[in-house]
Amino acid sequence: MLKRTLLATAALGLGLAFAGGANAMDKVKACFVYVGPVGDGGWTFQHDQGRLDVIAAFGDKVDASTFQENVPEGADAERVLTQMALGGCNIIFTTSFGYMDATNAVAAKFPDVKFEHATGYKRDSANVSTYNARFYEGRAVTGTIAGRMTKSNKIGYIGSFPIPEVIQGINASFIHAKKVNPDVTMSIVWAYTWFDPAKEADAAKALIEQGVDVILQHTDSTAPLAEAAKTPGVIGFGQASDMAEYKPSPRVSAIIDNWGPYYVERIGALLDGTYEQKDTWAGIGGGEVKIGDITEAVPAEVKAEAEALAASIGDGSYHPFTGPLNKQDGSPWLADGVVANDGELAGMMFYVEGIVGDIPQ
Amino acid sequence: MMDFGGINPAILIASLMVASVPIMLAALGELVVEKSGVLNLGVEGMMIMGAICGFITAVKTGNPYLGFLGGAAGGAALSLIFAFLTQSLLANQVATGLALTMFGLGLSSLMGQGYNGIKPPLTGVVPFGPLRDIPGIGRMLFSHDWMVYFSIGVVAATWYVLKYTRTGLIIRAVGESHDAAHALGYKVNRIRLMCILFGGAMAGLGGAYISLIRVPQWTDGITAGAGWIALAIVVFASWKPLRVLIGAYLFGGITVLQLNLQAAGSAIPVEYLSMSPYLITILVLVIMSSGKGRTALNAPAALGQNFHASR
Amino acid sequence: MIRLEKRPLPSQFWQVATPIVAVIMTMFAGGLMFATLGKNPIEVIRTIFWDPLFGEFAWYLRGQLMVKAGPLILIAIGLSLGFRAGIWNIGAEGQYIMGAICGAAVGLAVFPTENRLIFPVMIVAGAFGGWAWAMIPAILKTRFNTNEILVSLMLVYVAQSILAMAALGFLRNPEGSGFPGSRNFSSYPAAANPEIIAGSGLHWGGVFALITAGLLYILLQRHILGFQIKLAGQAPRAARFHGVVPEKLVVLCMGLSGALAGLAGLFEVTGPAGQISIDFNAGYGFTAIIVAFLGRLNPLGIVLAGLLMALTYIGGEMAATNLGLPSAAVQAFQGMLLFFLLAIDVMSNYRLRLKSTAAKMLGVK
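Keep in mind the model is a prediction, meaning the values are calculated, not measured.

## Things to note about the interface of chain B and chain C
- If you look at the interface, chain B gives 46 residues, while chain C gives 45 residues.
- For the pair chain B and chain C, the two sides together bury roughly 4000 Å², of which 80% comes from carbon and sulfur.
- One can count zero salt bridges joining chain B with chain C.
- Where chain B touches chain C, the interface holds zero residue pairs in polar contact (both at pLDDT 80 or more).
- Looking at the side of chain B that touches chain C residue by residue, the class counts come to 30 nonpolar, 14 polar and two charged.

Put into structure tokens, the structure is as follows:
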């Protein structure tokens, strides 16, 4: 019991030092917890780019030098978060879904430290906010390019794990590929890993051997692009980061996770005293999802079409999941003109009509 | 061309030959190490050191062949630590090997800072000319880079050396009974040192193959457990070089096959497909080990034991 | 030239001095590495070794030491038994996962019933899961002479696939709106494994680890079984004459190490980790192999080795967070520490002798 009191006192002490949440602050210490190494070239790399944006935006007013790579989920995450909170961090960004329970548990003990959890849905205390990006918006754009570019009418998708975020991407890609090319079919390979370059390369190869000539991926390495580069006529897209080294082909465009604007906004709000708890799910419009430069390997009219689609998604005039849409079994999902609501998307565990195969359960 | 469930066997064989190279090379190196009576569990660490050293060398020199040399040197350099600890200081081999993996993973990541997102110089395929155009067989056998053929050559060479040469005899003698070998006047620790270096170099080559040809790029943790599979392949092969080839092709083949089955829209649930390479490897080993005479499967008698000449 | 000469008896002095000398030497070698990375070596080393024990937040971190060391010790003790007998269970990671899945499944099946018996039943289920998973290589070995290294290692990957299936499918939180991962045990008191004394970091897993270490120490010292295990490892033929049935020993050692690994998984999933998730396992099963050997396969040594490993994890984490050290540098540093520990350990059993040319000329060997 003594120790718990101590912990509470320490938290209280920090709280007093910074005098509550809503007031303006002179200096903010922002800390980051990463699930992989910064050198992964994908997910964690992009979060770290966001951290560097914060340093560039605020200079001396923000100390964003503290981050921790390779933090396993569970007990280790809880300890790292506690150490960061004790160490004087004012705002902590936890950048993986698996940190959800640890973030909420530690946040409850440190009411005056702000916690920002990426891709989760739990906000048990007032100091926990969540943020995510509408990657499916970007997938709609790459799906359109894929549908236009495929000559074999077969596109392939390398999935990591069958979770809603990945399923959203598969559906969005397929819907928009089909829209511009009704003959298109999609083969899906589940790698059961977020990151295993050799396996991803094999998956890409397997797809190419099945006649696929456009590869979409939701795993983090550039291996599928490198594999695509070996077969003339096969294209793919950068995932998470721009993967510009494979320009102009096979990488014809990319879906870039761009966390900088959100990090700058939240830390800015903390500095000027306007910070509030919230759940952010921004996409192309909010700048969190960026479409990487569409290269000259794509015909100008396809490029224009894709850019127009991105613009209409960005300004809110079009939603990638707009009815009429049926589920895989043919049952109606969205009626004509109806837009999917966020709750439905967040828990999406079904394919839309036309996709072959079952979601692994 | 025949098709099985939408899969072309010639293309499947072509891909499994490429997919198996890293584990085959690493397993072959480890086989020689274990034949000499040393158990080095640090294959994963040596592979990833080979991957980064090979990558850096290739990028710096612009020459992929030098890259492979660099990879072999990197793997061998790391194995030297293992050799010094276990052969000179008689440290426990299992623990030293595991520590080697830990150290190699860390060191490779440090060395690789600044090498993310760079493309290494490309290694071309061997120009077989008209042979490539033979239907089926051309694609299957004559469309690969030189490392694919080199790895098969090394298997054959290792098999020959171990079975028919004096060097092979000495290595086996040291692995079966170091005391007897010592009594015959062989320098047990020196022979083992050479074997460990060979094992490190081969693991390094396997790692370099991943970062220079298979993937080709550098990212932290790029070997993603291939070293562990290589260790298992040695056991699977019952310490016989030719069976390393079979084991690596079997494992690589099933891995490729399960992805191909998925891509072809097979009805087998994905979650079972994804564990199939491991289960089938176990199954085949069980069949092999229960069918044959027990002695044929035995590991080198002195495996894992350190040798110290008492006088 | 320097040569080694075997001591008739292991040196008591060096058994104690090894870790100290090794840590000091690692500090120098590691310090050099940190300096080349542009960090202040003294500051880094103080952060790793001193701060978790005596620093500003030591009151919190000392408890965390046990959280990290608990599963390592529990698994390593089980493994040490088999290693002594020459039985190579490399797949504790898989047994750890299966223990967690089985235990968690039992608890989640009866959610939200509150009953005092639930947690004890889960403990049994966890031990059973690990035991059953270890029985596969054990029985294949005794029946078909299949090598246990390969089978236990391959089963780790199979267990990881099953873990992904559990997190995505049959154990997924029905209220988690499709997200992967089971319910969190912290919100289910009957099945949770909280800290026994708040802030101490000690949960049932740590208690079990310490009790097991004590029991095993007694077993190895006093019981005939302990003698048989040691004998089987050192002299298999002699062991046979002594009435040891190798098959029984394999089943026993594999089963025990599997059950303990399963227990570690169960305590982790219900306590510090809180839930089944795709990446629930963090490599304890592999690290425990190192811990077992660092502790010289001796239960008490394993407890100390486990604590030392935990210290480098936690201290390394602090160095990474507070001083911006890449986590890869910490990993390399841990590797170095192990190298030095293993290297200096030679002094326990051997002494260094300078072999002079004069002695050689006189024919002294």
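Resuming the write-up.
## Examining the sheet that holds strand β11 (residues 279–282) of chain A
Residue and element names in this part refer to chain A.
- If you walk across this open sheet you meet the six strands as β2-β1-β3-β4-β5-β11, and the pairing is parallel. The open sheet is flanked by β2 (62–68) and β11, the only strands paired with a single partner. For this sheet, the mean inter-axis angle between neighbouring strands, taken without regard to orientation, is 20 degrees.
- Two elements, strand β3 (residues 91–94) and strand β4 (residues 114–118), share four bridges in a ladder whose sense is parallel. The residue bridging T94 from the neighbouring strand is H117, located in β4.
- Together, β1 (28–33), β2, β3, β4, β5 (128–133) and β11 form the strand contacts of helix α9 (residues 260–272), whose direction differs from that of β3 by roughly 160 degrees.

## Concerning the packing of aromatic side chains
- The final tally for this structure, using the stated rule, is 47 aromatic pairs over all chains.
- Between the aromatic rings of A:F161 and A:Y192, the centroid separation amounts to 5.6 Å while the plane-to-plane angle is 75 degrees, which identifies the pairing as edge-to-face. Residue A:F161 is located in the loop between β6 (154–159) and α6 (164–180), and its partner A:Y192 is located in the loop between β7 (185–190) and α7 (197–209); the two are separated by 31 residues in the primary sequence. There is no split in this pair, since A:F161 and A:Y192 are both buried.
- Plain terms: the ring middles of B:F128 and B:Y149 are 5.3 Å apart, the flat faces sit at 80 degrees to each other, and that makes the pair edge-to-face. Note that B:F128 is positioned in the loop between α5 (93–111) and α6 (137–141) and B:Y149 in helix α7 (residues 146–164), a separation of 21 residues in sequence.
- Since its relative accessible area comes to 23%, B:Y149 is described here as partly exposed.

## Some words on the domain arrangement of chain A
All names here are of chain A.
- Examined at the domain level, chain A breaks down into domain 1 (2–133) and domain 2 (135–257 + 290–346).
- On a C-alpha basis, the centroid separation for the pair domain 1 and domain 2 is 32 Å.
- A per-residue breakdown of the area domain 1 buries against domain 2 is headed by W43, Q46 and A133, which together make up 64% of the total.
- Connecting domain 1 to domain 2 are zero salt bridges.
- At the level of elements, α2 (43–58) and β5 are the ones that each hand at least two residues to the side of domain 1 that touches domain 2.
- When residues in the side of domain 1 that touches domain 2 are grouped by element, the largest group, three residues, is from α2.

Rules behind the numbers
- Residues numbered from 1 in each chain as written.
- Chains lettered and ligands numbered in written order.
- Predicted model: local features only at pLDDT ≥ 70, side-chain atom pairs only at ≥ 80, totals over all residues.
- Heavy atoms only, no water.
- Contact = heavy atoms within 4.5 Å.
- Buried area = accessible area lost by both parts, 1.4 Å probe.
- Salt bridge = Lys/Arg side-chain N within 4 Å of Asp/Glu carboxyl O.
- Polar contact = N/O pair within 3.5 Å; in protein donor to acceptor, adjacent residues only side chain to side chain.
- Nonpolar A, V, L, I, M, F, W, Y, C, P; charged D, E, K, R; others polar.
- Pairing = 2+ DSSP bridges.
- Helix = DSSP H or I, 4+ residues; strand = E, 2+ residues; numbered from the N terminus.
- Axes fitted to C-alpha atoms, helices over the stretch in contact; angles between N-to-C directions.
- Phe/Tyr/Trp six-rings, centres within 6.5 Å; stacked < 30°, edge-to-face > 60°.
- Buried < 20%, exposed > 50% of the residue type's maximum accessible area, 1.4 Å probe, protein only.
- Domains from an automatic or database assignment.

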